[in-house]
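Letter by letter, the chains look like this.
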Amino acid sequence: MRSQRLRSTRPVVIGFLLGLLLGVPSAASAHNAGVWYPLEWPADRTYSIGFLHSYLRSSGAVTQIQAGPAPWNAISGNWFDMTRGTDDSTVTWTGDPCSTAPSNAIWVTSRSLPAGTLGVESTCGTSTSISRSVVSFDDDFSTSWYFGSSSTVPAGEHDFRSVAVHEFGHATGFSGHWTSTDASTNCSTTARHTMCPSVQTGTSYWRTLEYHDIHVIEAAY
């Protein structure tokens, strides 16, 4: 088995969410919207692509970003959709995304993330709902990204679409990650659910949502 790298260290921007991450929900609460979706969007939202560093501006990378929301939008019974809005390649953030990102939108950008972190999403909101979201992908040249569409990912490369699907899952409002202690989410195997916390190189399985990924958003929306 290849070594794993942490794919998302999603920072929780709203302070009161930290307490929710201290405990690990049991399998019985896997579909409990209140546990995994403490905040929700009040309506459908657009996402737009802002600044992307050099090689992330490739057509392959942009295509895979666009593919990220598709599995979530396709879930039966889920009314919440993310559709592409007007892109702006000048939009970037150097500080707190909650104070600078446009309201009522999901923005996609890139920045240099800590070693081992491939993507990160920041959720911003009030005590009752989400008001904005920022998804960032690692733009460090040391990260070996695979931007292709084939399900056969070269050994040693990280599937960009898998990371995009995961981060857009957080952008729907999903808080935290499934845990490896719950056998039903398979986080300790190569059959991981999409919202598990880490990804293996040379795999593309996280492009496809699994049972708990699907039902938790159905419960929320």
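Look above for the structure.
Along each chain, residues carry numbers from 1 onward, in the same order as the chain's sequence is written. Reporting in this predicted model follows two pLDDT cut-offs: at least 70 for local features of residues, and 80 or more for side-chain atom pairs to be given and counted; totals over whole chains, interfaces and linings ignore these cut-offs and use all residues. Side-chain metrics in this entry use all non-hydrogen atoms of the structure; hydrogen atoms and water are not considered.

Asks: Would you mind going over the sheet that holds strand 6 (residues 130-138) in detail, with residue names and values included?
Replies: The five strands lie next to each other as 3-2-4-6-5, forming an open sheet whose pairing is mixed. Strand pairing shows two members of the sheet lacking a second neighbour, strand 3 (82-84) and strand 5 (119-125), which therefore form its edges. Across the sheet, the axes of successive neighbouring strands diverge by a mean angle of 25 degrees, strand direction being ignored. The strands touched by helix 2 (residues 59-67) within the sheet are strand 2 (45-49), strand 3, strand 4 (105-111) and strand 6, with strand 2 carrying the most contacts at an inclination of about 170 degrees. Two strands make a pair as long as DSSP finds a minimum of two bridges between them. A run of DSSP states H or I qualifies as a helix once it reaches four residues; a run of E qualifies as a strand once it reaches two. Both are numbered from the N-terminal end. Structural elements are reduced to axes, namely lines fitted to C-alpha atoms, with helices fitted over the stretch in contact, and the angle between N-to-C directions of any two is expressed from 0 to 180 degrees. Only heavy atoms enter the contact rule, under which two residues are in contact if any of them lie within 4.5 Å.

Asks: Talk me through the state of the cysteines; I want residue IDs and the actual numbers.
Replies: Each disulfide is one covalent bond, formed between the sulfur atoms of two cysteines. Note on disulfides: each one is a pair of cysteine sulfur atoms within 2.5 Å. Following the criterion strictly, the structure yields two disulfides and no others. Two residues, cysteine 187 and cysteine 196, share a disulfide whose sulfurs are 1.9 Å apart. Judged by the torsion about the S-S bond (-85 degrees), the cysteine 187/cysteine 196 disulfide is left-handed. What makes cysteine 196 buried here is its relative accessible area of 0%. Here the bonded cysteines of the chain are numbered in sequence order, and their pairing is 1-2, 3-4. Relative accessible area decides the class of each residue, using a 1.4 Å probe on protein chains only: under 20% of the type maximum gives buried, over 50% gives exposed, and in between gives partly exposed.

Asks: Before we move on, can you summarise the pattern of salt bridges with the specific residues and values?
Replies: Opposite charge on two side chains permits pairing when their charged atoms draw close. The term salt bridge refers to a pairing of a side-chain nitrogen on Lys or Arg with a carboxyl oxygen on Asp or Glu at a separation within 4 Å. This model, assessed by the stated rule, comprises two salt bridges. Ionic pairing is found between aspartate 87 and arginine 84, a salt bridge with its closest N-O pair at 2.1 Å. Since its relative accessible area comes to 32%, aspartate 87 is described here as partly exposed. Here aspartate 159 makes a salt bridge to arginine 207, at a shortest N to O gap of 2.8 Å.

Asks: Explain the packing of aromatic side chains to me, using residue names and the numbers behind them.
Replies: To pair, rings of Phe, Tyr and Trp, with the six-membered ring standing in for Trp, must have centres within 6.5 Å; the planes then decide the type, stacked if under 30 degrees apart, edge-to-face if over 60, and tilted in the middle. Counted according to the given criterion, the structure contains 16 aromatic pairs. An angle of 70 degrees between the planes, with centres 5.2 Å apart, marks the rings of tyrosine 47 and phenylalanine 168 as edge-to-face. Placement of tyrosine 47 in strand 2 and of phenylalanine 168 in helix 5 (residues 160-171) is noted, with a sequence separation of 121 residues between them. Assigned by exposure class, tyrosine 47 and phenylalanine 168 land together as buried. Taken together, a centroid distance of 4.8 Å and an interplanar angle of 85 degrees make the contact between tryptophan 145 and phenylalanine 160 edge-to-face. Separated by 15 residues along the polypeptide, tryptophan 145 in strand 7 (residues 145-146) and phenylalanine 160 in helix 5 bring together distant segments of the chain.

Asks: So, the pairing of strand 5: which residues are in play, and what are the values?
Replies: Two faces make up the sheet, and in a regular strand the side chains alternate between them. Strand 5 sits mainly inside the fold: six of its seven residues count as buried. In this structure, strand 5 lies alongside strand 6, joined through seven bridges in antiparallel fashion. Of the residues in strand 6, the one forming a bridge with serine 122 is valine 134. Where strand 5 folds back onto strand 6 in an antiparallel hairpin, the turn is made up of four residues.

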